[in-house]
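If you want the building blocks of each chain, they are given just below.
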Amino acid sequence: MPKNKRAVEIGVGQLTLTFGLSLKDDAQETQDNGPSASIEPAVVVSKPIRKKKWNSLIDKVYAPGNLAKAWERVRENNGACGSDGMTVETFGSAAEQRLATLAADLRAKTYRPQPVRRKLIPKGGGGMRPLGIPSVRDRIVQQAVLQILEPVFEPIFSTRSHGFRPGRGCATALSVVDRAIAAGYTHVVDADIQSFFDTVDHEKLLDAVNEEVADGSLLKLIRLILTAGVWMPATGEIEPTNLGTPQGGPLSPLLANIYLHRLDRTLMAAKYGLVRYADDFVIFARSEEEARAALCLAEQVLTGELGLTLHPEKTRVVSVDDGFEFLGFHYFRYAKKDVMCKEVRRKSVARFRDAVRMRTPRLRAQRRVKPKRLTLARLRKNDRVMGLIERLNPFLQGWHGYFKHVRLPFRQPFKALDEFVRRRLRSSIVGRTGNGWWTAQLSNAMLGQLGLVSVEKLHDAYLMSSRPAHARKG
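Rules used in this analysis
- Residues numbered from 1 in each chain as written.
- Predicted model: local features only at pLDDT ≥ 70, side-chain atom pairs only at ≥ 80, totals over all residues.
- Heavy atoms only, no water.
- Core = buried A, V, L, I, M, F, W, Y, C linked by side-chain atoms within 4.5 Å.
- Buried < 20%, exposed > 50% of the residue type's maximum accessible area, 1.4 Å probe, protein only.
- Contact = heavy atoms within 4.5 Å.
- Helix = DSSP H or I, 4+ residues; strand = E, 2+ residues; numbered from the N terminus.
- Expected span 1.5 Å × (residues − 1).
- Axes fitted to C-alpha atoms, helices over the stretch in contact; angles between N-to-C directions.
- Parallel < 35°, antiparallel > 145°, perpendicular 65-115°, else oblique.
- Left-handed = near helix turned anticlockwise from the far one by under 90°.
- Nonpolar A, V, L, I, M, F, W, Y, C, P; charged D, E, K, R; others polar.
- Pairing = 2+ DSSP bridges.
- Polar contact = N/O pair within 3.5 Å; in protein donor to acceptor, adjacent residues only side chain to side chain.

Attention now moves to the nonpolar core. By size, the foremost hydrophobic cluster in this structure holds 71 residues, and its most contacted members are Ile140, Leu218 and Leu221. Every residue in contact with Leu218, bar those within four places of it in the chain, is listed here: Leu57, Ile58, Val61, Val145, Leu149 and Val213. In terms of nonpolar packing, the next biggest core, distinct from the first, is built from 55 residues, Leu174, Ala180, Val318 and Val421 among them.

Set out below in structure tokens:
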């Protein structure tokens with residue numbers, strides 16, 4: 001085993017790979033200590049010298065402790081059943097026996113993943129996004145592989161990559177974007193990889209894994225996962241998967257980061273300001289010419305080396321002032337006051353409305369409600385009404401938690417959304433749309449007394465808590 005890499009026993013037959021790396025560079029990437037930390041080339045500190053690849057990892061995958069930990073993660077996440085119809089609850093009824101059988105199959109190399117179940121979910125910009133849902137058994141195997149491969153690849157991943165990584169996420173990526181704008185970068189490559197998860201080349205992906213891992217058995221297992229096929233519930237047919245890594249399994253995000261690591265590495269070496277979250281990325285530049293050169297280099301790597309395609313209509317070079325979108329936000333300069341703004345993009349607002357509609361259905365044969373029945377006391381005793389509010393509140397709180405960093409000097413950003421939520425809730429209670437006597441009867445104050453969360457009030461409280469102590473007292 002290479003130097004600076006040590007195995008620590010944490011369970012029966014399980015080894016966790018531990019790396020002795022400094023966290024200085026990661027801290028610079030995620031903390032607010034200057035815009036140049038992530039936009040200028042990252043300096044790797046105390047990076048270990050890897051003299052050989054990792055091998056003999058497959059036994060760590062099927063070790064009882066590792067499989068037990070993987071099962072716990074899958075059980076916590078719950079999720080839908082795969083093509084075999086087995087639920088998490090059913091698997092759990094005999095988990096110990098099933099895990100032992102799974103370990104034996106992996107050890108004997110007789111394990112074969114089942115085709116993933118196709119599920120289509122609506123995309124924010126229209127159309128449907130295909131998900132591939134593995135069986136519970138296969139999700140455990142993918143999670144077990146993830147737990148072994150993640151500590152192998154994490155130390156070599158770029159600090160510019162934020163998607164599906166420990167200690168990183170949308171918040172750290174957006175923080176870097178904010179600092180880049182504050183640092184004076186004037187142009188952006190606003191890029192979109194077309195059908196990324198459907199077009200990943202298996203051979204190129206396995207070659208990328210093989211750069212760090214020399215265990216042929218583990219590489220074969222990953223190939224089996226990639227080529228398991230897709231079961232189509234509507235027709236019962238199984239479609240082959242000669243390309244792509246299906247979204248929906250625990251391993252897919254890590255494989256995506258491994259595949260795109262070459263892009264990170266190339267753009268960092270060229271000293272471009274990259275911020276990437278999975279297959280969504282932007283590149284910051286000091287001029288339009290520099291931005292176009294960065295786009296040319298990115299296209300060379302993605303198209304020429306990785307076999308991917310940049311979406312021709314969604315990829316562009318644009319000035320920061322004119323505006324660009326990233327991770328649900330729209331950045332632009334408000335010319336009247338000469339300030340940079342950050343608002344919720346239109347697609348994200350549309351998704352918000354769709355999510356609220358889903359949580360506030362109207363009864364098909366709803367009886368006409370009399371005004372005298374819409375009292376606070378009666379509504380509090382109505383299980384359906386209180387259930388609607390209980391489903392709405394966690395969503396509204398979580399949504400605001402993500403989008404609370406908006407910056408708009410000319411309007412309150414969440415007032416219209418609150419109005420939409422109340423309108424939907426009133427409609428769900430009385431079965432009628434538009435404005436009428438029910439609008440006055442079910443006033444904003446009454447809905448608040450019933451416990452409905454106001455996004456606008458959440459934002460006011462956030463802004464108040466963000467002010468300096470002396471300003472809050474004043």
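From this point, things continue past the structure.
Moving on to helix α4 (residues 64-77). The terminal C-alpha atoms of α4 lie 20 Å apart, and with 14 residues this matches the ideal 20 Å at 1.5 Å per residue to within 8%. The set of residues buried in α4 consists of Gly65, Asn66, Leu67, Ala70, Trp71 and Val74.

Here we come to the packing of helix α14 (residues 346-359) against helix α17 (residues 415-430). As a packed pair, α14 and α17 sit with axes 10 Å apart at the nearest point and diverge in direction by 20°. When the interaxial angle is binned, α14 and α17 end up roughly parallel. Relative to α17, the crossing made by α14 is right-handed. Of the residues in α17, those touching α14 at Val349, Phe352, Arg353, Val356 and Arg357 are Leu417, Phe420, Val421, Arg423 and Arg424. Partitioning the contact of α14 with α17 into residue classes produces 6 nonpolar, no polar and 4 charged.

What follows covers the environment of Arg426. Mapped onto the fold, Arg426 is located in helix α17. It is 7.2 Å that separates the C-alpha atoms of Arg426 and Trp438, two residues lying 12 residues apart in sequence. Discounting residues that sit within four places of it in the chain, Arg426 has contacts with Gly431, Trp438, Thr439, Leu442, Ser443, Asn444 and Leu447.

Reading across the sheet, the 3 strands line up as β11-β12-β13 and stay open at both edges, with antiparallel pairing between neighbours. In this open sheet, the two edge strands, each paired with only one partner strand, are β11 (324-326) and β13 (339-344). Along the sheet, successive strands turn relative to each other by an average axial angle of 30°, direction set aside. Pairing geometry for strand β12 (residues 329-334) and β13, over 6 bridges, is antiparallel. Within β13, the residue paired with Arg333 across the bridge is Met340.

Strand pairing in a sheet takes place through backbone hydrogen bonds and is either antiparallel or parallel in direction. Spatially, 4 strands are ordered β8-β9-β5-β10 in an open sheet, and the strand pairing comes out antiparallel. Each end of this open sheet is capped by a strand with a single partner; those strands are β8 (273-277) and β10 (316-319). For this sheet, the mean inter-axis angle between neighbouring strands, taken without regard to orientation, is 20°. Pairing analysis gives 6 bridges linking strand β5 (residues 187-192) to strand β9 (residues 280-285), with the strands arranged antiparallel.

To continue, consider the side chain of Thr241. The residue Thr241 is located in the loop between β7 (238-239) and α12 (252-269) in this model. Side-chain polar atoms of Thr241 contact the backbone oxygen of Leu226, separated by 2.9 Å. A distance of 3.1 Å separates a polar atom in the side chain of Thr241 from the backbone nitrogen of Gly229. The contact partners of Thr241, leaving out residues within four places of it in the chain, are His202, Leu226, Thr227, Ala228, Gly229 and Val230.

A few words now on the packing of α12 against helix α13 (residues 288-305). In contact at an axis separation of 10 Å, α12 and α13 are set at 150° when each is read in the N-to-C sense. One finds that α12 runs roughly antiparallel with respect to α13. You can see that α12 and α13 cross each other, and the crossing is right-handed. On α13, the residues that touch Leu260, Arg262, Leu263, Thr266 and Leu267 of α12 are Ala294, Leu297, Ala298, Val301, Leu302 and Glu305. When grouped by side-chain class, the residues that make up the contact of α12 with α13 number 8 nonpolar, 1 polar and 2 charged.

As far as function goes, none of this settles anything; it's purely spatial.
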